[in-house]
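# Residue-level structure breakdown
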Amino acid sequence: MQHADAEREQALIEIIETNGRDPTRLLQVLWRAQDIYDWISPQVFAIVGREMSIPPARIEAVAEFYSFLYTQPRGQYRILFADNITDRMAGSIALFDHMAKRLKLKPGQISDDGQVSIDLTSCTGMCDQGPAILVNNRAITRMTPRRVDEICNLVKSAVPLADWPAEYFKVDNNIRRADMLLGSTWVPGDALRAAIGRGPQGMLAELKRANLRGRGGAGFTTGVKWEACRNAPGDKRYIVCNADEGEPGTFKDRVLLQSFAGRVFEGMTLAAYTVGASKGFVYLRAEYRYLLDALQAQLAQMRDQNLLGDEICGVPGFSFDIDIHLGAGAYVCGEESALIESLEGKPGRPRIRPPFPVTSGYDGKPTVVNNVETLCKTLEIAINGGAWYEGQGTKQSTGTKIISVAGDCERPGLYEYPFGVRVAQVLEDCGARNPIAVQVSGASGICLSEREFGRRIAFEDVPSAGAFMIFGKTRDMFEVARNFAHFFAHESCGFCTPCRVGTALVANLMDKIAAGRGTQYEMNEILRLHQVMRTSSHCGLGQTACNAIFDTVQKFRPSYERRLKAVDFEPAFDLDAALAKTRELTGRDDAAAHLGVEA
Ligand SMILES: Cc1cc2nc3c(=O)[nH]c(=O)nc-3n(C[C@H](O)[C@H](O)[C@H](O)COP(=O)(O)O)c2cc1C
Ligand code: SF4
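Read on for an overview of the structure. (Residues numbered from 1 in each chain as written. Chains lettered and ligands numbered in written order. Predicted model: local features only at pLDDT ≥ 70, side-chain atom pairs only at ≥ 80, totals over all residues. Heavy atoms only, no water.)

### Notes on the overall build of the protein
In terms of helices and strands, the protein carries 24 helices and 14 strands. At 24 Å, the protein has a C-alpha radius of gyration in line with the 25 Å of a compact globule built from 599 residues. Taken over 599 residues, the protein has a buried fraction of 57%. Restricting the contact set of the protein to residue pairs at least 6 apart, pairs at least 24 apart contribute 72%. Total accessible area computed for the protein in this model is approximately 23200 Å², and 50% of it derives from carbon and sulfur atoms. The average position of the 68 basic charges and that of the 73 acidic charges among the side chains of the protein differ by 4 Å. (Helix = DSSP H or I, 4+ residues; strand = E, 2+ residues; numbered from the N terminus. Rg over C-alpha atoms; globule rule 2.2 N^0.38 Å. Buried < 20%, exposed > 50% of the residue type's maximum accessible area, 1.4 Å probe, protein only. Contact = heavy atoms within 4.5 Å. Areas by Shrake-Rupley, 256 points an atom, 1.4 Å probe, with all protein chains shown as cover. Lys, Arg positive; Asp, Glu negative; His and termini not counted. Charge placed at Lys NZ, Arg CZ, Asp CG, Glu CD.)

### Quick look at the packing of helix α8 (residues 190–210) against helix α11 (residues 261–275)
The axes of two packed helices give the description: the angle between them and the distance between them. Axis separation between α8 and α11 bottoms out at 9 Å; the angle between their running directions is 35 degrees. Regarding α8 and α11, the two cross each other, and that crossing is right-handed. Each of D190, A191, L192, A195, I196, G199, P200, M203 and L204 in α8 lies in contact with α11, whose residues at this interface are E266, T269, L270, Y273 and T274. Of the residues that constitute the contact of α8 with α11, the class distribution is nine nonpolar, three polar and two charged. (Axes fitted to C-alpha atoms, helices over the stretch in contact; angles between N-to-C directions. Left-handed = near helix turned anticlockwise from the far one by under 90°. Nonpolar A, V, L, I, M, F, W, Y, C, P; charged D, E, K, R; others polar.)

### Some thoughts on the site of ligand 2
As a matter of local geometry, ligand 2 sits amid 13 residues, with C493, F495, C496, C499 and C539 nearest to it. Across the shell around ligand 2, the residue classes break down as eight nonpolar, five polar and no charged. (Near = heavy atom within 4 Å.)

### Looking at the pattern of salt bridges
Under the defined criterion, the tally for this structure stands at 49 salt bridges. Of the charged contacts, one joins D323 and K279 as a salt bridge, the two residues approaching to 3.2 Å between their closest N and O atoms. Linking D323 in strand β8 (residues 321–326) with K279 in strand β7 (residues 279–284), this pair joins segments that are 44 residues apart in sequence. On the accessibility criterion, D323 (27% relative accessible area) is partly exposed. (Salt bridge = Lys/Arg side-chain N within 4 Å of Asp/Glu carboxyl O.)

### Thoughts on the side chain of S441
If you trace the backbone, S441 turns up in the loop between β12 (435–440) and β13 (446–449). Within the local environment of S441, its side chain forms a polar contact with the backbone nitrogen of A465, the two atoms lying 2.8 Å apart. (Polar contact = N/O pair within 3.5 Å; in protein donor to acceptor, adjacent residues only side chain to side chain.)

### Details of the packing of aromatic side chains
Scanning the entire structure with this criterion turns up 16 aromatic pairs. Considering the side-chain rings of Y238 and F281, the 6.0 Å spacing of their centres and the 25 degrees angle between planes classify their relative orientation as stacked. Of this pair, Y238 sits in strand β6 (residues 238–243) while F281 sits in strand β7, placing them 43 residues apart in sequence. Look at F281 and you get buried, because its relative accessible area is 4%. Joined through ring pairs, the aromatic side chains of Y77, W164, Y168 and F169 make up one cluster. Above the ring of Y288, the side-chain terminus of R285 is found at 5.3 Å from the ring centroid. (Phe/Tyr/Trp six-rings, centres within 6.5 Å; stacked < 30°, edge-to-face > 60°. Lys NZ or Arg CZ within 6 Å of the ring centre and 35° of its normal.)

### Side note on helix α7 (residues 145–156)
Count 3.6 residues to each turn of an α-helix, and residues three or four apart come out pointing the same way. Taking 1.5 Å of rise per residue, 12 residues should cover 16 Å, and α7 covers 17 Å from first to last C-alpha, within 8% of that figure. Those residues of α7 that sit buried are R147, V148, I151, C152, L154 and V155. Buried residues of α7, viewed axially, fall in a sector of 160 degrees; they line one side. For α7, exposure combined with an orientation more than 90 degrees from the buried face picks out R146 and K156. Each element contacted by the buried residues of α7 is listed here: β1 (77–82), α6 (92–103), β2 (116–121), β3 (133–135) and β4 (138–140). Note on α7: the residue one or two positions beyond its end, A158, has a positive phi of about 55 degrees. (Expected span 1.5 Å × (residues − 1). Arc of directions from axis to C-beta.)

### With respect to the state of the cysteines
Counted by the stated rule, this structure contains zero disulfides. Of all cysteine sulfurs, the one in C499 lies closest to C546, which takes part in no disulfide; the gap is 9.4 Å. C546 gets classed as buried once you look at its relative accessible area, which sits at 2%. (Disulfide = S-S within 2.5 Å.)

### Some remarks on helix α16 (residues 423–430)
Listing the buried residues of α16 in full gives V423, V426, L427 and C430. The buried residues of α16 occupy an angular sector of 100 degrees when the element is viewed end-on, so they sit on one face. Buried-residue contacts for α16 involve β10 (400–407), β11 (413–418), β12, β13 and β14 (467–472).

### Section: the site of ligand 1
Not every one of the 18 residues close to ligand 1 is listed here, only the nearest: G216, K225, N370, N371 and T374. Between ligand 1 and T374 there is a distance of 2.7 Å, counted from an oxygen atom to a side-chain nitrogen or oxygen. Protein chains shield 89% of the accessible area of ligand 1, which is 610 Å² for the free molecule. Only β9 (367–371) and α20 (540–544) provide two or more residues apiece to the shell around ligand 1.

### Looking at the nonpolar core
Counting residues in hydrophobic clusters, the biggest one holds 129 residues, and the most contacted among them are L30, V48 and Y66. A total of nine residues in this core trace back to one element, the largest contributor, which is α11. In this view, V48 contacts L12, I16, L26, V29, L30, S53 and I59; residues no more than four positions away in its chain are not counted. (Core = buried A, V, L, I, M, F, W, Y, C linked by side-chain atoms within 4.5 Å.)

### Observations concerning the packing of helix α17 (residues 477–491) against helix α18 (residues 497–514)
Two numbers describe how α17 lies on α18: the axes approach to 8 Å, and their chain directions differ by 150 degrees. Taken as axis vectors, α17 and α18 run roughly antiparallel relative to one another. Relative to α18, α17 is oriented so that their crossing is left-handed. Where α17 abuts α18, its residues F478, E479, A481, R482, A485, H486, F488 and A489 lie against T503, A504, V506, A507, M510, D511, I513 and A514. Residues of the contact of α17 with α18, tallied by class, amount to 11 nonpolar, two polar and three charged. (Parallel < 35°, antiparallel > 145°, perpendicular 65-115°, else oblique.)

### Points about the sheet that holds β13
The strand order across the open sheet built from six strands is β5-β11-β10-β14-β12-β13, with neighbouring strands paired in mixed fashion. In this open sheet, the two strands that pair with only one neighbour each are β5 (175–177) and β13. On average, each strand axis in the sheet is inclined to that of its neighbour by 30 degrees, with strand direction left out of account. With four bridges connecting them, β10 and β14 associate as parallel partners. Following the sheet pairing, V405 is matched in β14 by F468. (Pairing = 2+ DSSP bridges.)

### Considerations on unusual backbone geometry
A cis amide bond links G130 to the next residue, P131, at an omega of -5 degrees. Mapped onto the secondary structure, P131 falls in the loop between β2 and β3. Omega for the peptide link from P354 to P355 comes to 5 degrees, which places this bond in the cis form. Mapped onto the secondary structure, P355 falls in the loop between α13 (336–343) and β9. The backbone of N434 sits at a positive phi, close to 40 degrees, despite the residue not being glycine. If you trace the backbone, N434 turns up in the loop between α16 and β12.

Printed below as a string of structure tokens:
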């Protein structure tokens with residue numbers, strides 16, 4: 001036993017050394033420590049603190065913030081069922097109950113022998129092939145009752161995960177419609193050489209001419225962002241690829257990373273050439289950890305091809321390389337300033353902006369943060385020019401958009417269309433089954449009812465970061481909104497009061513209505529909280545957390561009303577007690593975290 005302990009300690013120290021004892025690598029070190037110890041044990045705290053000279057409080061703050069880091073034992077097999085609404089629609093809750101019964105476990109409970117634990121997690125980005133689970137962070141798709149039984153047997157027989165059937169871990173691309181990006185071929189280095197031929201200023205001019213807008217949600221103009229970074233004072237700049245893709249219903253970046261990774265990296269290098277950066281990071285969500293080895297191999301190949309490293313493509317002084325950082329289960333880390341905090345090895349809480357990352361990002365230096373798809377798009381512009389690109393899509397939304405289609409349809413998967421495609425067209429192409437609603441752009445997006453299916457996917461009409469969840473006529477839109485309310489309550493980082501308190505209250509109010517104890521009072525309360533959160537939350541998470549409820553109340557009112565009691569007001573719960581879960585999640589129990597208590 002002592003021998004094993006010494007070996008584990010030695011392995012951890014080697015990892016710390018490989019990471020240069022660098023505090024910004026703390027999250028990456030804790031991940032690897034967890035691989036070795038199964039959890040972030042007191043021993044891990046002691047070794048990491050000693051070897052990296054980091055105060056225990058800081059290690060604890062990081063370990064507690066991320067939901068995939070465990071500061072308590074969680075079982076050798078940590079099984080998490082994706083709790084996105086599309087997984088639920090595919091029967092995930094019945095499968096969860098079945099497994100819990102077979103393993104004789106409750107949610108979050110660990111078996112007496114310490115062998116296995118089972119719980120729910122947020123969307124895993126496998127919505128086109130759900131229900132999905134994660135076992136020790138490896139995704140298993142297409143769960144069925146039979147597969148649940150097989151997994152229970154494997155767990156009970158203590159078969160190592162590496163020996164489980166390979167087909168369990170198969171993740172399909174499901175590309176159903178390809179256009180400018182998914183349908184084109186990539187010749188490594190062509191786009192980069194074209195950009196070098198144009199020069200940084202020429203490349204900026206083409207990007208602006210193309211009117212390329214970010215595909216991560218906000219739709220900011222990429223050429224303007226890159227130019228601001230290039231012009232910001234300082235001698236060091238960074239390029240960050242946002243591969244956090246945590247928005248429920250979105251999985252396009254997973255496919256791009258799985259089968260188009262060379263283009264993503266070349267897009268980053270092209271950005272580095274244009275803005276004058278020498279270092280890049282990919283921030284990869286933990287659910288996509290299975291891609292890590294292939295991504296590292298792709299990077300190594302590009303170094304061999306002189307597309308990364310020193311004097312790239314023979315250009316004197318042009319050096320650039322890319323590191324991959326793994327997230328650890330926090331949706332808020334998709335927000336660019338939270339992502340940068342996380343890259344620096346801290347809890348991923350959004351920063352106060354301004355300053356924006358283009359002037360003060362990673363390590364306080366000018367930083368470009370772009371979505372995976374945006375970076376791929378820059379290759380097409382470098383090769384074909386801005387005028388060509390501008391000719392596709394609509395005037396305000398140029399080019400194409402990749403849409404992740406899931407839910408009630410025959411052919412879920414990726415569909416790439418020129419911007420301006422009508423919602424009805426997408427529904428027809430994917431074989432939607434009696435659709436009554438589409439949730440575009442994820443839980444924080446917009447819910448369209450049947451009468452809006454003539455609208456277009458475009459920044460000027462229905463903006464979309466990529467998700468397209470379809471709900472057929474048998475679906476209950478109140479339950480859809482309730483699922484999203486719980487998602488936001490779970491994912492709120494707790495930094496600001498409107499969101500920390502508001503998301504928990506809204507989830508509780510939705511539960512009360514679901515239980516048949518709601519009245520018009522609860523409805524009004526939810527809409528009031530929506531206004532408060534929308535206008536006074538610190539980041540986009542809180543600002544958009546009630547969007548789906550607001551939309552469904554307007555467009556699917558009967559699904560709420562038939563649950564309401566006729567009475568005016570029903571005392572629901574002890575409000576302060578209702579916030580206990582959020583206090584626990586955010587690690588706060590001070591006076592300010594309690595209702596009715598002056599801070
Ligand atoms: C709560 C929250 C989550 C986000 N998640 C993502 C994400 O997973 N991927 C992404 O590219 N952008 C995400 N964003 C948007 C980023 O903050 C940022 O605008 C984007 O990465 C910029 O890249 P783009 O200009 O290429 O779109 C998120 C924003 C918020 C507020
Ligand atoms: S809005 Fe929510 S997620 Fe954003 S900073 Fe505030 S508490 Fe955190």
